[in-house]
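Spelled out, the chains give:
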Amino acid sequence: MASSKDIEQFRSVLRKSKNIVAIAGAGLSAASGIPTFRDAGGLWRTHDAMSLATPEAFFENPSRVWQFYHYRREKALRATPNAGHIALAALSVPERLEAVAPTARFTLVTQNVDGLSVKAFQNVCPSREPELFEMHGRLFDTICTDCGDCKANFDSPICPALTGTEEQLGNEIEIPLEDLPRCQECTGLLRPGVVWFGEVPHQLEEIGQIVDDADLALVVGTSSTVYPAAGYAYEVADHGGTVAVFNIQHSEGDEDAHFLFLGPCHETLPLALF
Ligand code: BJW
Ligand code: ZN
């Protein structure tokens, strides 16, 4: 089956849909200056994922891992949502959703940890709780490795010893354990509140239900290589739903998508949706 790029045809599917789920990845935040992982310029092209994004890597070298996440936190703190985040957030506003999909419910499932979709939802509709799942956690949460306390933390820098290290990411420095971020409750070592390889993503039961119910999946800016998120579009297609991929280039499985909108998603999403 050849994928369609016909916006009018997509709009007519959108109009009839009842449960829309968007599954987003790093490409959604690319236009906000947040690096992706696997495509040109992506973090995993120059940094080894297994020595930065696993629990084993953290306990082996917490200084290296904190330096990496401090760099990511500082970038995300200064970033603002782009037109792609805003277009998805607009679908959570009842009147906006009703205009394009009168009988639909919309949910965003993001793999991104940068908080930009939350910011976009707050900008667009401050009075509503967003239908939003951050399945790989948040850069701005910390978890104590001793007592398990989980807290939001937007400090910049997160601890004095990391000051300025974001300027020299390739240049690893060794920070003593006692100078890394520590728990306010028990002084234990804090870790970033993100989901690493081998860990179980958040809210899988609720997301599973949303995916089971979805009759339209928007797959936005993800390489669709990391599970379980990579499986959701297949699940929607398997039970008869429609899949629309928004990506700047070809990605895993997009040959099976019903719609394929190639281009930067801060341009293609607003065009296709509104
Ligand atoms: C644009 C654009 C623009 C650019 N516009 N587009 C073998 C087989 C199957 C599974 C496994 C396996 N071996 C191991 C596993 C499991 C593993 C996995 O899937 N590994 C694969 C690599 C094979 N998964 C896990 O370990 C997960 N946990 C798990 O499975 O638990 C077990 C379990 C599950 C379910 C039930 C019970 C138990 C956890 C995965 C955690 C991933 N963590 C990371 C780091 C998070 C913290 C951090 O940010 O540092 O999450 S890795 C990284 O990849 C990050 C991302 O969320 C994730 C996905 O990447 P994403 O978003 O797709 O980014 P890219 O860079 O890959 O793609 C960007 C795309 O955007 C590209 O396509 C570009 O073209 C496009 N783009 N600019 C539109 N302007
Ligand atoms: Zn603690």
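Residues numbered from 1 in each chain as written. Chains lettered and ligands numbered in written order. Predicted model: local features only at pLDDT ≥ 70, side-chain atom pairs only at ≥ 80, totals over all residues. Heavy atoms only, no water.

Inclusion rule: UniProt positions are given in the numbering used here, feature names are shortened, and annotations may be inferred rather than shown by experiment.
As named in an unreviewed UniProt entry, the protein is NAD-dependent protein deacylase, taken from Russula ochroleuca. As its UniProt record puts it under Subcellular location (unreviewed entry), the protein is described as follows: "Mitochondrion".

### Some points on the coordination of the zinc ion (ligand 2)
This is how it is decided: With water excluded from the atoms, a metal site may look incomplete; its donors are any N, O or S atoms within 2.8 Å, or within 3.2 Å for Na, K and Ca. Site shape is set this way: if four donors have all angles between 85 and 135 degrees, tetrahedral; if opposite donors are over 155 degrees apart and all others between 65 and 115, square planar for four donors and octahedral for six; otherwise irregular. Buried means the residue's accessible area, taken with a 1.4 Å probe over protein chains only, is under 20% of the maximum for its type, while exposed means over 50%, and partly exposed covers the values in between.
Protein ligation of the zinc ion (ligand 2) involves Cys-144 (SG), Cys-147 (SG), Cys-183 (SG) and Cys-186 (SG), the donor distances falling in the range 2.3 to 2.4 Å. Taken together, the four donor atoms coordinating the zinc ion (ligand 2) and their angles of 98 to 116° define a geometry best described as tetrahedral. Accessibility expressed as a relative area gives 42% for Cys-147, which makes it partly exposed.

### What to know about the layout of surface pockets
This is how it is decided: Throughout, the protein atoms alone are placed on a 1 Å grid, and a set of points is a cavity if a 1.4 Å probe fits but cannot get out or a pocket if it is open with protein on both sides within 12 Å along at least five of seven lines; lining residues have an atom within 4 Å of a point. Grid points are joined across faces, edges and corners, and a volume is the space filled by probe spheres set on the points. Helix and strand assignments come from DSSP, with helices taken as H or I runs of at least 4 residues and strands as E runs of at least 2, each series counted from the N terminus. Note that Gly is not counted as nonpolar here; it falls among the polar residues with everything else outside the nonpolar set of Ala, Val, Leu, Ile, Met, Phe, Trp, Tyr, Cys and Pro and the charged set of Asp, Glu, Lys and Arg.
The computed volume of the largest pocket comes to approximately 910 Å³. Of all the secondary structure elements, the ones that give two or more residues to the lining of the largest pocket are helix H2 (27-30), helix H5 (62-78), strand E8 (242-247) and helix H11 (265-273). Together, 27 residues line the second largest pocket, and Gly-115, Val-118, Glu-134, Arg-138 and Asp-141 are the ones closest to its centre. Counting only elements with at least two residues in the lining of the second largest pocket, the list comes to H5, helix H8 (116-124), strand E3 (132-134), strand E4 (137-144) and strand E5 (150-152). No other element matches the five residues that E4 contributes to the lining of the second largest pocket. Its residues assigned to classes, the lining of the second largest pocket shows 14 nonpolar, six polar and seven charged.

### Some words on the site of ligand 1
Selection rule: Definition of nearness: a residue and a molecule or strand are near each other if at least one heavy atom of the residue lies within 4 Å of the molecule or strand. For this analysis, a polar contact is any N or O atom pair within 3.5 Å, provided that within protein one partner can donate a hydrogen and the other can accept it, and provided that sequence-adjacent residues contribute only side-chain to side-chain pairs. Calculation of accessible area relied on Shrake-Rupley with a 1.4 Å probe; when residues are assessed, cover is drawn exclusively from the protein chains displayed. Pocket occupancy is defined atom-wise: a molecule lies in a cavity or pocket when more than half of its atoms are within 2 Å of its grid points.
Surrounding ligand 1, one finds 34 residues, the nearest of these being Tyr-69, Arg-72, Thr-222, Ser-223 and Asn-247. The backbone of Gly-27 places a nitrogen or oxygen atom 3.5 Å from an oxygen atom of ligand 1. In isolation ligand 1 offers 1500 Å² of accessible surface; the protein chains occlude 75% of this area. Of the pockets mapped on this structure, ligand 1 occupies the largest pocket. When residues of the shell around ligand 1 are traced back to their parent elements, those giving at least two are H2 and H5. Residue composition of the shell around ligand 1, grouped by class: 17 nonpolar, 13 polar and four charged.

### A closer look at the pairing of E8
Short version of the rule: What makes two strands pair is DSSP finding at least two bridges between them. The path from the first strand over the helix to the second decides the hand: if it runs clockwise while the strands point away from the viewer, the crossover is right-handed.
With six of six residues buried, E8 is to be regarded as a mostly interior element. The two faces of E8 match: Thr-242, Ala-244 and Phe-246 on one face and Val-243, Val-245 and Asn-247 on the other face are all buried. Strand direction decides the pairing type here: strand E7 (residues 216-220) and E8, joined by five bridges, are parallel. In the strand pairing of E8, Leu-218 is matched with Ala-244. One crossover worth recording links E7 to the parallel E8 by way of helix H10 (residues 232-238), and it is right-handed. Bridge count for E8 against strand E9 (residues 259-262) is four bridges, and the pairing is parallel. Paired with Val-245 across the bridge in E9 is Leu-260.

### Focus on the nonpolar core
As a rule of thumb, soluble globular proteins bury nonpolar side chains together. Worth spelling out the cut-off: Definition used in this section: a nonpolar core is a set of buried Ala, Val, Leu, Ile, Met, Phe, Trp, Tyr and Cys residues joined via side-chain atoms within 4.5 Å. Contacts were defined at the residue level, with two residues in contact if any of their heavy atoms lie within 4.5 Å.
Ranked by internal contacts, the top residues of the largest apolar core, which has 31 residues, are Trp-44, Trp-66, Phe-68, Tyr-69, Leu-139 and Trp-196. Within the residue set of this core, elements represented by two or more residues are helix H3 (43-46), helix H4 (55-60), H5, E4 and strand E6 (190-194). Considering every element that reaches this core, the biggest residue donor is H5, with six residues. Non-local contacts of Trp-196, meaning those with residues more than four positions away in its chain, are made with Leu-52, Ala-53, Thr-54, Pro-55, Phe-58, Val-65, Tyr-69 and Arg-191.

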